[in-house]
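Residues per chain are reported as follows:
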Amino acid sequence: MKAIRFFSGEDIPLERHKVRIVQKLELLPVEERQQKIFEAKNNLYLLKNRDVFLDMLTDSGVNAMSDRQLSAMIDADDAYAGSETYVELEAKVKELFGMDHFLPAHQGRGCEKILADLLVRPGDLLPMNYHFTTTKAHITRCGGEVLELLAEGGEICQSDDPFKGNMNVAALRDLLADKSRRIPFVRMEAGANLIGGQPFSLANLRETADVCRAHDVLLVLDASLLQDNLYFIKVRETSCRDTSIRELTRAIADCCDIIYMSFRKLGFAKGGGIVMRDNPLVGRLKELVVLNEGFLTYGGMSVREMAAVTVGLEETMDETVIAQGPEFIRYMTGELVRRGIPVVTPAGGLGCHLNAGQFLPDIPGEAYPAGALAAALYIAGGIRGMERGTMSEQRNTDGSEHISPLELLRLAVPRRVFTLSQIKYCIDRVHWLWENRSLIEGLRFTREPEILRFFVGELEPVSDWQDKLAARFRADFGDSL
Ligand SMILES: *Cc1c(COP(=O)(O)O)cnc(C)c1O
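Calculation notes
- Note on numbering: residues in each chain are counted from 1, in written sequence order.
- Reporting in this predicted model follows two pLDDT cut-offs: at least 70 for local features of residues, and 80 or more for side-chain atom pairs to be given and counted; totals over whole chains, interfaces and linings ignore these cut-offs and use all residues.
- Side-chain measures were taken over the full set of non-hydrogen atoms in the model, leaving aside hydrogen atoms and water.
- Only buried residues count toward a nonpolar core, which is a set of Ala, Val, Leu, Ile, Met, Phe, Trp, Tyr and Cys residues joined through side-chain atoms within 4.5 Å.
- Think of it in three bands: residues with accessible area under 20% of the maximum for their type are buried, residues over 50% are exposed, and the middle band is partly exposed, with areas taken using a 1.4 Å probe on protein chains only.
- Each helix is a run of DSSP H or I of at least 4 residues and each strand a run of E of at least 2, with the numbering of both proceeding from the N terminus.
- Whether a residue is near a molecule or strand is decided by its heavy atoms; if any one of them lies within 4 Å of it, the residue is near.
- The term polar contact refers here to a pair of N or O atoms within 3.5 Å; inside protein, the definition further demands a hydrogen-donor-capable atom paired with an acceptor-capable atom, and it admits residues adjacent in sequence only when both atoms are side-chain atoms.
- To be clear on the numbers: accessible area is Shrake-Rupley with a 1.4 Å probe, and residue cover counts the displayed protein chains and nothing else.
- Residue type decides the class: Asp, Glu, Lys and Arg count as charged, Ala, Val, Leu, Ile, Met, Phe, Trp, Tyr, Cys and Pro as nonpolar, and the leftover types, Gly among them, as polar.
- Either an automatic procedure or a domain database provided the assignment from which the domain bounds are taken.
- When two parts are put together, the accessible area they lose, computed with a 1.4 Å probe and summed over both, is reported as buried area.
- By salt bridge we mean one thing: a side-chain nitrogen of Lys or Arg within 4 Å of a carboxyl oxygen of Asp or Glu.

A few points about the nonpolar core
At step 1: One finds Met56, Met332, Leu411 and Leu433 to be the most contacted residues of the largest nonpolar core, which totals 61 residues.
At step 2: The leading source of residues in this core is helix H14 (residues 369-381), at ten residues.
At step 3: Listed in part, the 59 residues of the second largest apolar core include Val217, Cys255, Ala308 and Ile322.

With respect to the site of the ligand
At step 1: Around the ligand, the surrounding shell holds 14 residues, and the nearest of these are Gln107, Arg109, Asp222, Ser262 and Lys265.
At step 2: Contact between the ligand and Ser262: an oxygen atom at 2.6 Å from a side-chain N or O atom of the residue.
At step 3: Against a free-state accessible area of 380 Å², the protein chains account for coverage of 98% of the ligand.
At step 4: Across the shell around the ligand, the residue classes tally to two nonpolar, six polar and six charged.

Topic: the domain arrangement of the protein
At step 1: For the protein, the assigned domains read domain 1 (30-59 + 321-477) and domain 2 (68-319).
At step 2: Here domain 1 and domain 2 have C-alpha centroids that lie 28 Å from each other.
At step 3: Contact between domain 1 and domain 2 buries roughly 2900 Å² in total, counting both sides, with carbon and sulfur atoms accounting for 54%.
At step 4: For the interface between domain 1 and domain 2, the tally reads two salt bridges.
At step 5: Its salt-bridge partner being Arg415, residue Asp228 comes within 2.9 Å of it at the nearest N-O pair.
At step 6: Joining domain 1 to domain 2, the criterion identifies 17 residue pairs in polar contact (both at pLDDT 80 or more).
At step 7: At the level of elements, helix H12 (319-338), strand S9 (351-355), strand S12 (408-412) and helix H16 (453-456) are the ones that each hand at least two residues to the side of domain 1 that touches domain 2.
At step 8: Among the elements that line the side of domain 1 that touches domain 2, the one with the most residues is H12, at five residues.

Pasting the structure below:
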């Protein structure tokens, strides 16, 4: 991809698309923002979208679609069984990944559910570079135990390691040689989500695959964030500089036995699916798809979604398309670093990640520093981020808190959605919050669900700190929004 340089020397990411449909945004006054976060029980998932100015909660299902995707959606062929739209999706997925079978699912966690139901038994050990929330919930539901084998340094927030999502291959080799526990598969996650969208290198994936093959253990890839990982391999892994995105996709697939993905992220649309080589498991998995997701030619997806995915996957092979997200995130991360604000570096995919542990060092993990920062940023700017720290963890079996080694506030940058001035506004409000961080205190649960508590749990501030924060905002910004 040829870069576009500015005569001024400024290093800013230039959009390689134009906007043709827009949605109006409202920014509420700070007093109303404080009231809304109170009504949402300090859980940003419980906010109404109309009360959010910049929705940076997630990149899931909210990426902007292209004109070609939209026109393909109108063209879709609707049928319960054997729709032409499904045939085209299946062909595209098999072409890109070079695999024999495609099994559709309604979204990523649908794939995780049927894989866990079939493969994971009580007492099993599941090694992976890093866990994802829904992945871990399904594995533990089936009695399995997740073991993270992230390569050394992956959990260090600020570093210059280009591949913090790498697997610790030596540790994996020892583990697989040990054989004291049943290991149904090894899982690699592309663009490791919870550590800040950090990629693995192709070399590391290849070594991981060699170890798995030597021990005859399946290698399963979670490719939900593959698009960012592909871009990072292309720009950061010297040996891949001259390899096309299409060739890299195939090289990654060649390492794996089973690949599953959320099309809410990969492919700029919605849905999910599993691709795999010929394997005796295929028939059993298909039964579970029909039981849980829907018939084999839609798996819970509408034909419009499938049509959009087919086009979106092809567009993912275009480096200028997949560069936009990571380049915006790189810009945002760089500007925050310049202001001395602790963020995860190097910049990863899917979003910019504030290091809430360092932002709010006096708030203990039990009072959810990243959750408190999320609530504070909504009050400061109507910006909705997502807590990725202790609140997103499951409690230990004895009921004690599992304190996350990373307390992150993720500010997702859904692909092609925001303009650079909106990103600048976000940087500005984070900066203001940084200057006023001494006002922020913790949160506590008033209602705590047992499973995936962060989605619908209810919380309250431990003091009146939110009144003070809103008052300081009003004092600093006068009568402006
Ligand atoms: C989002 C995500 C999932 C789950 O996908 P959904 O479509 O949201 O169910 C699984 N793994 C990773 C790495 C993800 O980012």
